[in-house]
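Here is how the chains run, residue by residue.
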Amino acid sequence: MTDLSKSSGAAMTEPVVSDSPAPTAFLEVRDLKVHFPTDDGLVKSVDGLSFTLEKGKTLGIVGESGSGKSVTSLGIMGLHTAGQYGKRKARISGEIWLDGTELLSADPDHVRKLRGREMAMIFQDPLSALHPYYTIGQQIVEAYRIHHDVDKKTAKRRAVEMLDRVGIPQPDKRVDNYPHEFSGGMRQRAMIAMSLVNNPELLIADEPTTALDVTVQAQILDLIRDLQKEFGSAVIIITHDLGVVAELSDDILVMYGGRCIERGPAEKVFYEPRHPYTWGLLGSMPRLDRDQQERLIPVKGSPPSLINIPSGCAFNPRCPYADVPKDNVTRTVRPELSEVGSQHWAACHMTQEERERIWTEEIAPKL
Amino acid sequence: MSENAEDNAVSIPAQSDGAAKGAAKGATLTKDVAPGETLLKVTGLQKHFPIRKGLLQRQVGAVRAVDGIDFEVRAGETLGVVGESGCGKSTMGRLITRLLEPTAGKVEFEGRDITHLGVSGMRPMRRDVQMIFQDPYSSLNPRHTIGTIIGAPFKLQGVEPEGGVKKEVQRLLSVVGLNPEHYNRYPHEFSGGQRQRIGIARALALNPKLVVADEPVSALDVSIQAQVVNLLDDLQQELGLTYVIIAHDLSVVRHVSDRIAVMYLGKIVELADRESLYKAPMHPYTKALMSAVPIPDPRRRSAKSERILLKGDVPSPIAPPSGCRFHTRCWKATEICTKQEPPLIELKPGQQVACHHPENAEDQAPQDTVLLSAAKEAVELVAVGTAAELAAAEKASEAAVEETAVEETAVEKSAVEKSSDRPESTDK
């Protein structure tokens, strides 16, 4: 953890014991667990997740549907337990330190003050995240006035300024439009304007471009990158698209079955991945930047149910190398993250030499 | 719950026995069209959805979803259709399967005009043309078992397969890599990828000649996507199917297609072989579309100079721009583009393009060099990345040899400012 700020901002740390002192990183998540009791059993959406993130850096969280990536982001924002019935719905444990404050044990009113001001979120579907009855301007003004004691006029000027900043043409007219009068890309821009209106220091973007076309996606990714440079916020980008993370992230965290199975600097995760699931993701993807592959190399089977997560390594039923480690250990013991390189961690029972050999000899040549 | 079935799916030997039978059966059916010959021909196809208003529901306009397209599909090939949402690709798929009635134009299947066939006239045709739908959740009836769903085509067509419907359905299940014992299960008992396999089995039930797949993998997770893409690939090889695959994901389309049509606002702007299209796209839109795809390679991030960023949104198909429809967002647009619609012509063998000033080819209107003043202002020249970055990028992509040369000059190109005057939100 010594050269944490140097090598990569969103450096990773091992899960820390919970009574350790307040961290120095801007955002630190320690052993986060989000469980939902249901009629069918306990859904362990996130089951022990730890990471840190510095200001000005971007962390990409990748995983398939049901891997717990969105639940993590809502957990950080404190949205699972918000509201009257929140406590009954979700069981959350662990620690989330934002700029020296622990959020899970903090007073809900205090978290509420931070939400929107210190940390903001961009949602996947802007149409359902924007209120259809209010104009874009009213919604941005509301977000601004909650945290700033200003009159409506000033707030509206600020809204126009933000709309202009995110590239909406004629912002002074558009500010009075309703969400349905905007196209998909413009709605997403308006959402971004709304989340940035208070200059948050942590921005969580949950699948910000999944609902958009590629050309618009490129615009939005560009915008997020520029705004981050300008405001110096810490950004968490959650997506299933490895292309998007590769574009934006300094560090990557791969989730599977509610746990982190690999994390490290983007370059390492793409060029020296050390977990069979990461290999599988890379092999499943047709790529425009390479010559045509004959066949894709899919991961067999389907993602696990979060109620019955396979014992041992959650990935073992789908892993082609599940029998490499001896004594059936993959099916009985859950692997913990271990360091496989500088700031690079993976949770796999195979020895590092085995994984290095398989990656360089069997997987990498086929990609 | 049915992990085993999914496991089988990936290994082809497990399904080869069923598939071999299928191939044999396909051969006995009359194959009127030899591989490589035209199976489906579309000329001047149009679909305008009327917009009605007022008490009398008078037509006040039309959404020109598909506005005059021509192409053909050859037996045994895969035609990929790409474009952004609202470009009319799905409508096109529904027109060629005759789920929608065309406004104008002609659809010929195996040389027979099927444009205006009625329900009963189409019925025998339905055996030969099948569809795979995007959403595996809404395209399967939740109250029917898998057996009923896959067996329905036999019932509707009055076909009695050899050995009975049940046996045939079970064979189909094993062909698509599902467990035949799941015959009596309901759709909700399957995962997304498995449901998509069920949809595929249903489409294959009657040994179709042409399968139209509308976004067959976009609702699936990455790892499952690859399974389904490989399955479609295997089935094509084993059963000699012809595919029209509609998708928005350019990397998936490149992976599955032999030829690719790029659509923009109801028109085909470029139609070419996969290799030519991806190595040397001619239409500026194709080029912009491909450069917008995020590349899963962190080392290429710095080589931002390769990206062409289109400004604004796709104009509304209710009042598409005059002349070339792309001129409002095109950095090469000139006077002629605003007035005259470029025809789709073959500029290189196997590469048709509709553009006055194509990339990687001779300019079609060289005398018309005056840039629209607005466009000229909008074109920004951005400093190109360092030589090292470019070298790295070039190394990574052999495909982009000619491209980089072009991209060095004009980079962050943007649209004619006019597009902002145009009501961008007319889609509502």
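Computed from a predicted model, the values in this text were never measured in an experiment.

So, on to the overall build of chain A. Helix and strand content of chain A: 15 helices and 12 strands. What you see for chain A is a C-alpha radius of gyration of 21 Å, in line with the 21 Å of a compact globule of 367 residues. By its C-alpha atoms, chain A is 70 × 50 × 45 Å across when sized along the principal axes. Every one of the 367 residues in chain A was classed for burial, and the buried ones make up 58%. Surface exposure of chain A reaches about 15,200 Å², of which carbon and sulfur atoms provide 49%. Charge-centre separation for chain A: the mean point of 43 positive side chains lies 4 Å from the mean point of 51 negative side chains.

Take the domain arrangement of chain A next. All names here are of chain A. Taken domain by domain, chain A holds domain 1 (4-260) and domain 2 (263-366). Taken residue by residue, the interface counts 34 residues in domain 1 and 27 residues in domain 2. For the pair domain 1 and domain 2, the summed buried surface comes to about 2,500 Å²; carbon and sulfur atoms form 62% of the total. If you look at where domain 1 meets domain 2, you find three salt bridges. Taken together, the connections running from domain 1 to domain 2 amount to eight residue pairs in polar contact (both at pLDDT 80 or more). Put simply, the parts of the chain that give the side of domain 1 that touches domain 2 at least two residues each are β2 (41-53), α11 (242-248), β9 (251-256) and β10 (259-265).

All names here are of chain B. Domains assigned within chain B are domain 1 (3-260) and domain 2 (280-420). With eight residues of domain 1 at the contact, the number on the domain 2 side is 11 residues. When domain 1 packs against domain 2, close to 910 Å² is buried across both sides, 61% of that on carbon and sulfur atoms. The largest share of the area that domain 1 buries against domain 2 comes from Arg64, Glu84 and Leu250, three residues that together contribute 52% of it. In this assembly, domain 1 and domain 2 are joined by two salt bridges. Close ionic contact of Asp67 with Arg325 constitutes a salt bridge, the shortest N to O distance being 2.5 Å. Among the elements that line the side of domain 1 that touches domain 2, the one with the most residues is strand β2 (residues 58-74), at five residues. Here the residues of the side of domain 1 that touches domain 2 are counted per class, giving four nonpolar, no polar and four charged.

Residue and element names in this part refer to chain A. Although it is not a glycine, Glu207 adopts a positive phi angle of roughly 45°. Relative to the helices and strands, Glu207 is located in the loop between β7 (202-206) and α10 (214-231). According to the relative accessible area criterion, Glu207 is buried, its value standing at 7%.

Turning next to the interface of chain B and chain A. Facing the 54 residues of chain B at the interface are 55 residues of chain A. Taken over both partners, the interface formed by chain B and chain A buries close to 5,000 Å², and the fraction arising from carbon and sulfur atoms is 51%. Inspection of the chain B/chain A interface yields two salt bridges. The salt bridge involving Arg295(A) is made with Asp234(B); its shortest N-O contact spans 2.8 Å. Across the chain B-chain A interface, the total number found is 14 residue pairs in polar contact (both at pLDDT 80 or more). Those elements giving two or more residues to the side of chain B that touches chain A turn out to be α1 (3-10), α8 (222-239), α9 (250-256), α10 (274-279) and α11 (284-292) of chain B.

A few words on the nonpolar core. Residue and element names in this part refer to chain B. Core analysis: the largest hydrophobic core is formed by 38 residues, its most contacted members being Ile150, Ile198, Ile200 and Leu235. Of all the secondary-structure elements, those providing two or more residues to this core are α5 (146-157), α6 (165-175), α7 (192-204), β7 (210-214), α8, β8 (242-246) and α9. At seven residues, the largest contribution of residues to this core is made by α8.

We now examine the sheet that holds strand β4 (residues 91-98) of chain A. All names here are of chain A. A sheet is described by the order of its strands in space; here four strands give the open sequence β2-β1-β4-β5, paired in antiparallel fashion. The open sheet is flanked by β2 and β5 (101-102), the only strands paired with a single partner. Sheet analysis places β4 next to β5, joined by two bridges and oriented antiparallel. Paired with Trp97 across the strands is Glu102, a residue of β5. The strands touched by helix α2 (residues 69-77) are β1 (27-38), β2 and β4; relative to β2, the strand with the most contacts, the crossing angle is about 70°.

Definitions and limits used
- Residues numbered from 1 in each chain as written.
- Chains lettered and ligands numbered in written order.
- Predicted model: local features only at pLDDT ≥ 70, side-chain atom pairs only at ≥ 80, totals over all residues.
- Heavy atoms only, no water.
- Helix = DSSP H or I, 4+ residues; strand = E, 2+ residues; numbered from the N terminus.
- Rg over C-alpha atoms; globule rule 2.2 N^0.38 Å.
- Buried < 20%, exposed > 50% of the residue type's maximum accessible area, 1.4 Å probe, protein only.
- Areas by Shrake-Rupley, 256 points an atom, 1.4 Å probe, with all protein chains shown as cover.
- Lys, Arg positive; Asp, Glu negative; His and termini not counted.
- Charge placed at Lys NZ, Arg CZ, Asp CG, Glu CD.
- Domains from an automatic or database assignment.
- Contact = heavy atoms within 4.5 Å.
- Buried area = accessible area lost by both parts, 1.4 Å probe.
- Salt bridge = Lys/Arg side-chain N within 4 Å of Asp/Glu carboxyl O.
- Polar contact = N/O pair within 3.5 Å; in protein donor to acceptor, adjacent residues only side chain to side chain.
- Nonpolar A, V, L, I, M, F, W, Y, C, P; charged D, E, K, R; others polar.
- Core = buried A, V, L, I, M, F, W, Y, C linked by side-chain atoms within 4.5 Å.
- Pairing = 2+ DSSP bridges.
- Axes fitted to C-alpha atoms, helices over the stretch in contact; angles between N-to-C directions.

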